[in-house]
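Structure assessment
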Amino acid sequence: MSLRLPVSALTALTAAALTAGTVLMAPAAGAAPRAAAPKFLSASQLPPHPTSSWTAGPVTDGFPEELGLCVSTEGVPSYDYRYRQFRTDLDTGAVQLTVVAGTAAQAKALAKHYDDLIRTCADRIEESTPDAEAEGRDYGTLPVEEGARVRGLHTETSWGATDISLFSVGRDGRTVTVVEWGQLGDFTDAPVAAFKKTTTTAVDKLY
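What comes next concerns the included structure. (Residues numbered from 1 in each chain as written. Predicted model: local features only at pLDDT ≥ 70, side-chain atom pairs only at ≥ 80, totals over all residues. Heavy atoms only, no water.)

With respect to the layout of surface pockets
For the largest pocket, the calculated volume is near 230 Å³. Surrounding the largest pocket, 13 residues form its lining, Ala 111, Lys 112, Glu 146, Gly 147 and Val 169 being those nearest its centre. For the lining of the largest pocket, the secondary-structure elements that each account for two or more residues are α2 (104–119), β6 (148–157) and β7 (162–172). With five residues, the single largest contributor to the lining of the largest pocket is α2. Here the lining of the largest pocket is built from residues that sort into four nonpolar, three polar and six charged. (1 Å grid on protein atoms, 1.4 Å probe; cavity = no way out; pocket = protein on both sides within 12 Å on 5 of 7 lines; lining within 4 Å. Points joined across faces, edges and corners; volume = space filled by probe spheres on them. Helix = DSSP H or I, 4+ residues; strand = E, 2+ residues; numbered from the N terminus. Nonpolar A, V, L, I, M, F, W, Y, C, P; charged D, E, K, R; others polar.)

Here we look at the nonpolar core
Counting 28 residues, the largest nonpolar core has Cys 70, Leu 97, Val 99, Tyr 114, Leu 153 and Val 176 as the members making the most contacts within it. Every element with two or more residues in this core is listed here: β3 (80–87), β4 (92–100), α2, α3 (121–128), β5 (132–142), β7 and β8 (175–184). Among the elements that take part in this core, α2 stands out by supplying six residues, more than any other. The contacts of Tyr 114, once residues within four sequence positions are left out, are Phe 63, Val 71, Ser 72, Tyr 81, Leu 97, Val 99, Val 169, Val 176 and Val 178. Counting 21 residues, the second largest nonpolar core, distinct from the first, contains Trp 54, Phe 86, Val 150 and Trp 181. (Core = buried A, V, L, I, M, F, W, Y, C linked by side-chain atoms within 4.5 Å. Buried < 20%, exposed > 50% of the residue type's maximum accessible area, 1.4 Å probe, protein only. Contact = heavy atoms within 4.5 Å.)

A look at the environment of Phe 86
Note on placement: Phe 86 falls in strand β3. Owing to a relative accessible area of 3%, Phe 86 belongs among the buried residues under this scheme. A C-alpha to C-alpha distance of 8.6 Å links Phe 86 and Leu 46, two positions 40 residues apart in sequence. Apart from the residues within four sequence positions on either side, Phe 86 is in contact with Leu 41, Ser 42, Ala 43, Leu 46, Trp 54, Thr 55, Ala 56, Gly 93, Ala 94, Val 95 and Gln 96.

Thoughts on a negative patch on the surface
A surface patch of negative charge is lined by Asp 123, Glu 126, Glu 127, Glu 133, Glu 156, Asp 186 and Asp 189. In terms of residue count, α3 provides more of the negative patch than any other element does, three residues in total. For Glu 126, the position within the fold is in helix α3. (Patch = residues over 30% accessible without salt bridge, like charges linked within 9 Å, V, L, I, M, F, W, Y side chains within 5 Å. Areas by Shrake-Rupley, 256 points an atom, 1.4 Å probe, with all protein chains shown as cover. Salt bridge = Lys/Arg side-chain N within 4 Å of Asp/Glu carboxyl O. Lys, Arg positive; Asp, Glu negative; His and termini not counted. Charge placed at Lys NZ, Arg CZ, Asp CG, Glu CD.)

Set out below in C-alpha cells:
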C-alpha cells in the first residue's frame, strides 16, 4: 500500500507506477500565492480501527511519497503542497494532502487530474508490473463544498501480498485535498461508509 505498511505489495509497486500518468494542462506559472493555510483532519476523524487508535503526525510542507503509487506532481505546476500522515499500531495507515492552486479554475482542473490518475491507477499497475493484479472501484461523489469523489483500489501480487486502499479527491474553492486510507486486505475490508464521512469532514474542514 502506499501508506505505512512495510510488507505492502503497493510499496513495492510504487517506483514502477510513478512514471505513468497524464499531464495536467495548466499555466506555467510559479508557486501559487500564499493564502490562509487549509486545516487538516485530526486522528479521531479517520475511519475507526477495531483494535487500535489512530495517531496523527505533524503537518508537513511538500508532497507525500505515500501517494506516489497513484498520484504525483509530474506535469503539475509548483503549487503549495502540505500533508499529514496517520498511523495505527497495526498495518493500517492514512495520509491527507492539501494543494492550494492559483485560481479556482486551476484547482478544478487539478482535482479532475488527480481523480483521473486514481481512476486509471489499476490499469497502470498491471501494465507496469506483470506480477500484480489490480482492480479499481468507483464509490461515487459526495455533496460537500465543490464536491468530492471516493474510489477504491485493490492489488494482489503473484507471491500473495494483497492490499486495499480508499482514495478521495475533494475541492473547496482553489484548494484541493486528497485522502488515502489503506491496509492489508481486499474490498471486503474497506470501511467505505466511514471513509466517505472522513472525506466529507476533510473537505468541509479546509476553511
